[in-house]
Amino acid sequence: MKVGDIKFQTIWIKPENPSVIQIIDQRKLPFKFVIEDIASVEEMFIAIKDMHLRGAPLIGAAGAFGMYLAVIEKDTKTKTSEYYQEVAQYLVSSRPTAVNLEYSVNRILSRLLETKDHDRQKRAALTEALAIVGEELENCRRIGEYGQNLIQQISQTKNGETVNILTHCNAGWLACIDYGTATSPIYFAHDKGIKLHVWVDETRPRNQGARLTAWELGQHGVPHTVIADNTGGHLMQHGMVDMVIVGSDRTTVTGDVANKIGTYLKALAAKDNNVPFYVALPSSTFDWNLTDGVNQIPVEERDASEIRFVEGIEGASVKIVDTLPKNSPALNLGFDVTPARLITGLITERGICKASRESILTLFPEKKV
Ligand code: MRU
């Protein structure tokens, strides 16, 4: 996607120094566009944990590059198999809900364990990390191609009137390598000339919707309106939402979806109002081992300070303000699980399926046991 006139992806190798990974520091958006250098496992761990970058597919790619940094880092540690296993565990612990992280880190780890030759390990880690980036890019592109048909169908039933789509959090290109998951169908449909408008949930506490999704859509010229998180149900009751599309951080083989906290409430409201509720995700977001999302998916608990403090801009300076009574505690759960029964369909790189084991495995027959 373009920022101004320049085309960006969200993670890349620094052109002048292949030992450094570069990312867009998402903490600074929409106020500043800042590129950050990451040169060690520790820096990558912090970048993932403290959300300099975020979003399931991007976290996965970052974890893969974290493993590459483990190979090339100039430190005194012996680069044994045990060392790589420890680094893998460490990186995976940075964000527990998005399964993409574990998936990508384990892919690099298994390549590293194939040889003890350091040069080969370095080449293998880099090749595999770049392969993950390429696959995720293509997966999101395909999600867009499949998903745009759903928007087009609604547009046809409305005789070309504006299709209103609600989304939660940021499942946009910033959360992936490019295109996004939930936003990819939106970008494809918009570029095709279909009239659409996006309701952007602000997504407290970190406001990924207000800060990131709104910024992305604005950069691409997609009409959108930011709404407070609790507005969606009302809009649905009044016929102002034609469909919901969200992303996922982990989806069970039975079709339960973990996504940013608040997604479940939107799905309940959508069900009550007969609004189609779609989840867009690449195959790296499926957890093929889990069958009960509510009870099996680990939900990240983040620091309560994210609820207490809100960041904004005043003039040219970014300010952080306290919003709670001094002694009130806060609970900050990052994700919730939307049960499969509330989901109309899953948009994947292999097509659209129902949120059920049978339908998912029809698209991914190699996962049948
Ligand atoms: O805590 P975050 O910002 O990493 O949560 C991100 C989400 O919940 C996204 O909706 C999800 O990763 C979808 S992936 C494009």
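For every chain, the first residue of the written sequence is number 1, and numbering continues from 1 onward in sequence order. Thresholds applied to this predicted model are a pLDDT of at least 70 for local features of residues and 80 or more for the giving and counting of side-chain atom pairs; totals over whole chains, interfaces and linings are not thresholded and use all residues. The basis for every side-chain value is the complete set of heavy atoms in the structure, and neither hydrogens nor water enter the calculation.

Bringing the site of the ligand into the picture now. Think of it this way: one heavy atom of a residue within 4 Å of a molecule or strand is enough to make that residue near it. Residues in close proximity to the ligand total 19 residues, the closest being R54, R95, Q208, N259 and K260. Two N or O atoms form a polar contact when they lie within 3.5 Å of each other; inside protein one atom must be a possible hydrogen donor and the other a possible acceptor, and for residues adjacent in sequence the pair counts only when both atoms belong to side chains. Between the ligand and the protein, one listed contact pairs an oxygen atom with a side-chain N or O atom of R95 at 2.7 Å. In the model, an oxygen atom of the ligand is placed 2.9 Å from a nitrogen or oxygen of the D249 side chain. Per-residue and other accessible areas follow the Shrake-Rupley method at a 1.4 Å probe size, with only the shown protein chains counted as cover for residues. For the ligand, whose free accessible area comes to 410 Å², the fraction covered by protein is 100%. With a 1 Å grid spanning the protein atoms alone, the term cavity applies to any set of points in which a 1.4 Å probe fits but cannot get out, the term pocket to an open set with protein on both sides within 12 Å along at least five of seven lines, and the term lining residue to any residue with an atom within 4 Å of a point. Think of it this way: a molecule belongs to a cavity or pocket when more than half its atoms come within 2 Å of the grid points there. Put simply, the ligand lies in the largest cavity. Amino acids are sorted into nonpolar (Ala, Val, Leu, Ile, Met, Phe, Trp, Tyr, Cys and Pro), charged (Asp, Glu, Lys and Arg) and polar (every other residue, Gly among them). Here the shell around the ligand is built from residues that sort into 8 nonpolar, 7 polar and 4 charged.

This paragraph deals with the packing of aromatic side chains. Between the rings of Phe, Tyr and Trp (Trp by its six-membered ring), a pair exists once the centres lie within 6.5 Å; its type follows the angle of the planes, with under 30 degrees stacked, over 60 edge-to-face, and the other angles tilted. The full count for this structure, using the stated rule, is 10 aromatic pairs. Residues Y83 and Y84 carry aromatic rings whose centres are separated by 5.5 Å and whose planes lie at 55 degrees to one another, so their mutual orientation is tilted. Y84 shares its class with Y83; the two are buried. An aromatic cluster is present here, built from F8, W12, F33, W173 and W215 joined pairwise through their rings. Definition used: whenever NZ (Lys) or CZ (Arg) falls within 6 Å of the ring centre and also within 35 degrees of the ring normal, the charge is taken to sit over that ring. In this structure, K260 packs its charged tip against the face of F335, placed 4.3 Å from the ring centre. When accessible area is computed with a 1.4 Å probe and restricted to protein chains, residues below 20% of their type maximum are described as buried, those above 50% as exposed, and intermediate ones as partly exposed.

Note: strands within a sheet are paired through backbone hydrogen bonds, in either parallel or antiparallel orientation. At least two bridges found by DSSP between two strands is the condition for calling them paired. Secondary structure elements are taken from DSSP: a helix is a run of H or I of four residues or more, a strand is a run of E of two residues or more, and numbering for both begins at the N terminus. With respect to topology, 7 strands assemble into an open sheet ordered 8-7-6-9-12-17-18, the strand pairing being mixed. Two strands close off the open sheet at either side, each with one partner strand: strand 8 (224–227) and strand 18 (351–353). Pairwise comparison of adjacent strand axes, ignoring direction, gives a mean angle of 25 degrees for this sheet. Of the pairings in the sheet, the one linking strand 6 (residues 163–167) to strand 9 (residues 243–246) comprises 2 bridges and is parallel in character. If you follow L166 over to strand 9, its bridge partner there is V244. Two residues qualify as a contact provided that any one of their heavy atoms is within 4.5 Å of a heavy atom in the partner residue. For helices, the fitted line uses only the C-alpha atoms of the stretch in contact; every axis is such a line through C-alpha atoms, and the angle between N-to-C directions lies from 0 to 180 degrees. The strands touched by helix 6 (residues 183–191) within the sheet are strand 6, strand 7 (196–201), strand 9 and strand 17 (345–348), with strand 7 carrying the most contacts at an inclination of about 155 degrees. Along the sheet, helix 7 (residues 208–220) contacts strand 6, strand 7 and strand 8; its crossing angle with strand 7, the most-contacted strand, is approximately 160 degrees.

The alternating pattern of strand 16 (residues 335–338) places F335 and V337 on one face and D336 and T338 on the opposite face, and all of these are buried. Relative to strand 16, strand 11 (residues 257–260) runs antiparallel, the two sharing 4 bridges. Bridge pairing in strand 16 links V257 to T338.

Here P185 is to be found in helix 6. You can call P185 buried: its relative accessible area is 0%. In sequence terms P185 and Y146 are 39 residues apart; their C-alpha atoms lie 7.3 Å from each other. Ignoring sequence-local partners within four residues, the contact set of P185 consists of I143, G144, G147, Q148, I151, I245 and I347.

Here we have 3 strands laid out as an open sheet, ordered 3-4-5, and antiparallel in their pairing. Taken across any chain shown, the strands that pair with only one partner, and hence form the sheet edges, are strand 3 (11–13) and strand 5 (35–38). Going across the sheet, the axis of each strand differs from the next one's by a mean of 30 degrees, ignoring polarity. Relative to strand 5, strand 4 (residues 21–24) is paired through 4 bridges, and the arrangement is antiparallel.

This brings us to the pattern of salt bridges. By salt bridge we mean one thing: a side-chain nitrogen of Lys or Arg within 4 Å of a carboxyl oxygen of Asp or Glu. For the structure on display, the rule yields 22 salt bridges. Residues D201 and K266 are paired through a salt bridge, measuring 2.9 Å at the closest nitrogen-oxygen approach. Taken together, the positions of D201 in strand 7 and K266 in helix 9 (residues 263–272) put the pair 65 residues apart, joining distant regions of the chain. Of the two residues, D201 and K266, neither departs from the other in class, the shared state being buried. Ionic pairing is found between R250 and D287, a salt bridge with its closest N-O pair at 2.7 Å. With R250 in strand 10 (residues 250–252) and D287 in strand 13 (residues 286–287), this pair connects stretches of sequence that are 37 residues apart. As far as the burial class goes, R250 and D287 line up, both buried. One salt-bridge network, held together by shared partners, links R95, R206, E300, R302 and E306.

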